[in-house]
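Results of the structural survey
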Amino acid sequence: EEEEETGEATASKILKLRDDLLHLSMREEPDLMKMIDILDALQNVQDNIELAEIVISSSKSDATESLGMLVRKLRKHEDSDVSTKSGLLYTVFREKVQSEKDAMDAEEKRRIAREEAKALKKKQAKEKKSRKANMDGLIESRKEEEEREMADKASRKEKRKADSREKKENAKKQKTKEKEKTKEKEATKKKKKKKKKK
């Protein structure tokens, strides 16, 4: 809690220094010594200055009233001390902003990479599911084909058996007929012989 309070106090102090520097720079004849004192004070705490304190403007309508934009403008001040100190602060602030931007870009890249990896995983799972469905379909189709082949084979076998039975029965009938004919012939011959004897 103490650290938070210290941070808030530092932020409040920095924003007050920004506002004081802004007002001084807007005067026709600014107090250069006061401006240099403010720039010195900012340099003393430059490592503790957060990104928000650099980019937040004192005016919602004018972004140039942020601390970062203010020191950028003061780099070209006619007073060499003001311009030098502002230039040094601007370099520090620009590095902080760039560092934050790089971190945000890196995080965005990581987020995109995570989303792409997630999408790829989803796509692969979908393809795997589709392949499995196709494979299951092929297996089922092959199974049905095998069942049909087996049924056809069994049907042909049954037909062959039936044909064989029919042939045997026909052959048996034919033999019986032939035997009957032979008996009839023999009986006719016997009758003729009997007639001749008489």
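In this text the structure is predicted, and so the values were computed from the model without any measurement. (Residues numbered from 1 in each chain as written. Predicted model: local features only at pLDDT ≥ 70, side-chain atom pairs only at ≥ 80, totals over all residues. Heavy atoms only, no water.)

Counting secondary structure elements, the protein chain contains five helices and zero strands. A compact globule built from 198 residues would reach a C-alpha radius of gyration of about 16 Å, whereas the protein chain, at 55 Å, exceeds it by more than 25%. Viewed in the frame of its principal axes, the protein chain has a C-alpha envelope of about 180 × 40 × 25 Å. Out of the 198 residues belonging to the protein chain, those deemed buried represent 18%. A fraction of 58% describes how many contacts in the protein chain between residues 6 or more apart in sequence connect residues 24 or more apart. Carbon together with sulfur atoms contributes 51% to the accessible area of the protein chain, which is approximately 16800 Å² in total. Charge centroids of the protein chain, computed over 57 positive and 46 negative side chains, lie 36 Å from each other. (Helix = DSSP H or I, 4+ residues; strand = E, 2+ residues; numbered from the N terminus. Rg over C-alpha atoms; globule rule 2.2 N^0.38 Å. Buried < 20%, exposed > 50% of the residue type's maximum accessible area, 1.4 Å probe, protein only. Contact = heavy atoms within 4.5 Å. Areas by Shrake-Rupley, 256 points an atom, 1.4 Å probe, with all protein chains shown as cover. Lys, Arg positive; Asp, Glu negative; His and termini not counted. Charge placed at Lys NZ, Arg CZ, Asp CG, Glu CD.)

Our next topic: the confidence of the model for the protein chain. Confidence in the prediction of the protein chain, expressed as mean pLDDT, is 85, and 91% of residues score 70 or more. Averaged over each element, pLDDT in the protein chain is lowest for helix α1 (residues 2-26) (77) and highest for helix α2 (residues 32-44) (92). (pLDDT = per-residue confidence, 0-100.)

Next up on the list: the environment of L32. With respect to the helices and strands, L32 occurs in helix α2. A sequence separation of 47 residues divides L32 from D79, and the C-alpha atoms of the two residues are 8.0 Å apart. Every residue in contact with L32, bar those within four places of it in the chain, is listed here: H77, D79 and V82.

The next subject is α2. Look at α2: 18 Å from first C-alpha to last across 13 residues, which is about the 18 Å you get at 1.5 Å a residue. Among the residues making up α2, those that are buried are M35, I36, I38, L39 and L42. One face of α2 carries all of its buried residues, which in axial projection span an arc of 160°. Residues M33 and N44 are exposed on α2 and point more than 90 degrees away from its buried face. Of the residues that open α2, the one with a side-chain oxygen 3.2 Å from the backbone nitrogen of M33 is D31. (Expected span 1.5 Å × (residues − 1). Arc of directions from axis to C-beta. Polar contact = N/O pair within 3.5 Å; in protein donor to acceptor, adjacent residues only side chain to side chain.)

Right, let's talk about a nonpolar patch on the surface for a bit. On the surface, V55, I56 and V97 cluster together to form a nonpolar patch covering roughly 230 Å² of accessible area. If you trace the backbone, V55 turns up in helix α3 (residues 51-55). Here V55 falls in the partly exposed class, since its relative accessible area comes to 46%. (Patch = residues over 30% accessible without salt bridge, like charges linked within 9 Å, V, L, I, M, F, W, Y side chains within 5 Å. Salt bridge = Lys/Arg side-chain N within 4 Å of Asp/Glu carboxyl O.)

Among the surface-exposed residues, K173, K177, K181, K185, K189, K190, K191, K192, K193, K194 and K195 lie close enough to one another that they form a single positively charged patch. Along the chain, K173 falls in helix α5 (residues 80-197).

Under the defined criterion, the tally for this structure stands at twelve salt bridges. The partner of E107 in a salt bridge is R110, with the nearest N and O atoms 3.0 Å apart. Taken as a pair, E107 and R110 lie in helix α5 at a separation of three residues, close to a single helical turn. Relative accessible area serves as the criterion here: at 35%, E107 is assigned to the partly exposed category. Look at the salt bridges and you will find they share partners, linking E107, R110 and R114 into a network.

A few words on helix α4 (residues 67-74). Of all the residues in α4, the buried ones are L67, G68, L70, V71 and L74. Looking down the long axis of α4, one finds its buried residues gathered within 165° of arc, a one-sided arrangement.

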